[in-house]
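Structure at a glance
Chain by chain, the residues run as shown.
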Amino acid sequence: MEFETILYDKAAGIARITLNRPARLNALCEQMFEEFHVALDHAEQGDDLRVLVITGAGRGFCAGADLTMNIGSDGTGGPMDLGAALERSYNPLIMRLRALPVPVISSINGVAAGAGASLALAADICIAARSAKFVLAFARIGLVPDAGLTYFLPQRIGMARALGLSLLGEEVGASDAQQWGLIWRCVDDLQLSDETDALARRLSGAATHALGLTKHAIYASQTQTLEQQVNMERHLQARAGQSRDFREGVAAFLAKRIAQFEGR
Ligand code: T3D
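In what follows, the accompanying structure is described.

Criteria and cut-off values
Residues numbered from 1 in each chain as written. Predicted model: local features only at pLDDT ≥ 70, side-chain atom pairs only at ≥ 80, totals over all residues. Heavy atoms only, no water. Near = heavy atom within 4 Å. Polar contact = N/O pair within 3.5 Å; in protein donor to acceptor, adjacent residues only side chain to side chain. Helix = DSSP H or I, 4+ residues; strand = E, 2+ residues; numbered from the N terminus. Salt bridge = Lys/Arg side-chain N within 4 Å of Asp/Glu carboxyl O. Buried < 20%, exposed > 50% of the residue type's maximum accessible area, 1.4 Å probe, protein only. Axes fitted to C-alpha atoms, helices over the stretch in contact; angles between N-to-C directions. Parallel < 35°, antiparallel > 145°, perpendicular 65-115°, else oblique. Contact = heavy atoms within 4.5 Å. Nonpolar A, V, L, I, M, F, W, Y, C, P; charged D, E, K, R; others polar. Core = buried A, V, L, I, M, F, W, Y, C linked by side-chain atoms within 4.5 Å. Pairing = 2+ DSSP bridges. Expected span 1.5 Å × (residues − 1). Arc of directions from axis to C-beta.

Not every one of the 23 residues close to the ligand is listed here, only the nearest: R59, A65, L67, Y90 and A115. The contact in question runs from an oxygen atom of the ligand to an N or O atom on the side chain of Y90, over 2.7 Å. Listing elements by their share of the shell around the ligand, those giving two or more residues are helix 2 (82-99) and strand 6 (111-113). At three residues, the largest contribution of residues to the shell around the ligand is made by helix 2.

Attention now goes to the pattern of salt bridges. Under the counting rule described, the total for this entry stands at 15 salt bridges. A salt bridge links E30 to R88; its shortest N-O distance comes to 3.1 Å. With E30 in helix 1 (residues 30-44) and R88 in helix 2, the pair connects residues that are 58 residues apart, well separated along the chain. In this structure R88 comes out as partly exposed when scored by relative accessible area, which is 47%. Between K215 and D124 there is a salt bridge; the shortest N-O distance is 2.8 Å. Separated by 91 residues along the polypeptide, K215 in helix 7 (residues 208-220) and D124 in the loop between helix 3 (115-121) and strand 7 (125-129) bring together distant segments of the chain. By relative accessible area, which is 21% here, D124 ends up partly exposed.

Packing of helix 7 against helix 8 (residues 226-241) leaves a shortest axis separation of 10 Å and a crossing angle of 170°. Relative to helix 8, helix 7 is oriented roughly antiparallel. In contact with H209, L213, H216, A217 and A220 of helix 7, helix 8 contributes Q229, M232, L236, R239 and A240. Grouping the amino acids of the contact of helix 7 with helix 8 by side-chain chemistry returns six nonpolar, three polar and one charged.

Its location among the elements puts T208 in helix 7. Taking the relative accessible area as the measure of exposure, T208 reaches 2% and is therefore buried. The contacts of T208, once residues within four sequence positions are left out, are R50, P101, P103, L203, D245 and G263.

What follows is about the nonpolar core. In this structure, I108, F134 and I183 are the most contacted members of the largest nonpolar core, which totals 54 residues. Core analysis: the second largest hydrophobic core is formed by twelve residues, I127, A129, V187 and L199 among them.

This next bit is on the sheet that holds strand 4 (residues 60-62). With mixed pairing, four strands are arranged side by side in an open sheet as 4-6-8-9. In this open sheet, the two edge strands, each paired with only one partner strand, are strand 4 and strand 9 (171-173). Between one strand axis and the next, the sheet turns through 15° on average, direction left out of account. Bridging between strand 4 and strand 6 involves two bridges; their strand directions are parallel. In the sheet register, C62 faces strand 6, and the bridge partner there is A112.

Moving on, we get to the pairing of strand 5 (residues 104-108). With five of five residues buried, strand 5 lies mostly within the body of the structure. Residue alternation in strand 5 divides its side chains into two sets, V104, S106 and I108 and I105 and S107, and both sets are buried. By the bridge criterion, four bridges tie strand 3 (residues 51-56) to strand 5 in an arrangement that is parallel. The residue bridging T55 from the neighbouring strand is S107, located in strand 5. Strand direction decides the pairing type here: strand 5 and strand 7, joined by four bridges, are parallel. Considered in strand 7, the bridge of S107 is made with I127.

On to helix 6 (residues 192-204). Look at helix 6: 18 Å from first C-alpha to last across 13 residues, which is about the 18 Å you get at 1.5 Å a residue. Along helix 6, the residues classified as buried are L192, T196, L199, A200, L203 and S204. Projected down its long axis, helix 6 shows its buried positions confined to an angular sector of 125°, all on one face. Turned more than 90 degrees off the buried face of helix 6, the exposed positions are R201 and R202. Considering only its buried residues, helix 6 is in contact with strand 2 (14-19), strand 3, strand 5, strand 7, strand 10 (185-187) and helix 7.

If you want it as structure tokens, here you go:
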């Protein structure tokens, strides 16, 4: 499959999607959304997907919506319904990533601005180069943070920081982002690729069926009571307990050997 706005590959259970419009800092356009979904379809074909990695080509991760594509206009001089664009392109992608039953890693190689920050934070594990930054660009151009950002920010860093960043259109560097709990880790720029690969390999060899259920439970906790949560755990654990990986995990423990998980 030939892509023009992304790069895609999948090997040993690890699918990698690289946003590939480096001259525009990988700004998002319709074609990119379409290709992203096709790549995800490929990634999910068969039952061998264990991890998805998202990153950017060149010096940026993603600069949000492509502002050179006349996004404010409906083509007839009238204002465009940006809500419709979110409904059509942005929201389905964010929701699809969130629902993916395997861990999603964003490897944030450079600036993540606007909806590019949302895309980065839609991943389950965010690892960033020290020079990367998150730019809450929306306030600078008279828009509202979107593609899940008004959800991700307060959940991860609390109201004070979420409001400060969003209302001031501020940016936060990768080191602070790690300290604030916005991302999992910040690493030296030259280490990002190796660290991402190591993380992806580690997760792809893990009991990914259980990890898929785990992320489902962790995200559900944001809207559920303790009672609902323990009930959900009961159902998910029943499923995990029937997996081959669970049998293998216990057998490997008892035999004092490393478990060979299959992700099922
Ligand atoms: O309908 C809908 O799509 C609605 C949804 C909206 C969601 C959104 O994401 S709105 C927010 C859109 N994004 C922005 O407002 C960010 C705009 N970009 C910037 O503020 C800065 O470029 C950055 C802070 C991201 C990086 O700054 P810097 O100094 O490192 O790079 P630069 O020189 O500004 O940009 C490099 C090139 O990328 C430059 O092109 P040139 O001059 O070399 O030909 C620049 O125009 C281009 N670029 C950067 N961001 C975008 C972009 N081109 C198109 N769209 C962009 N968003």
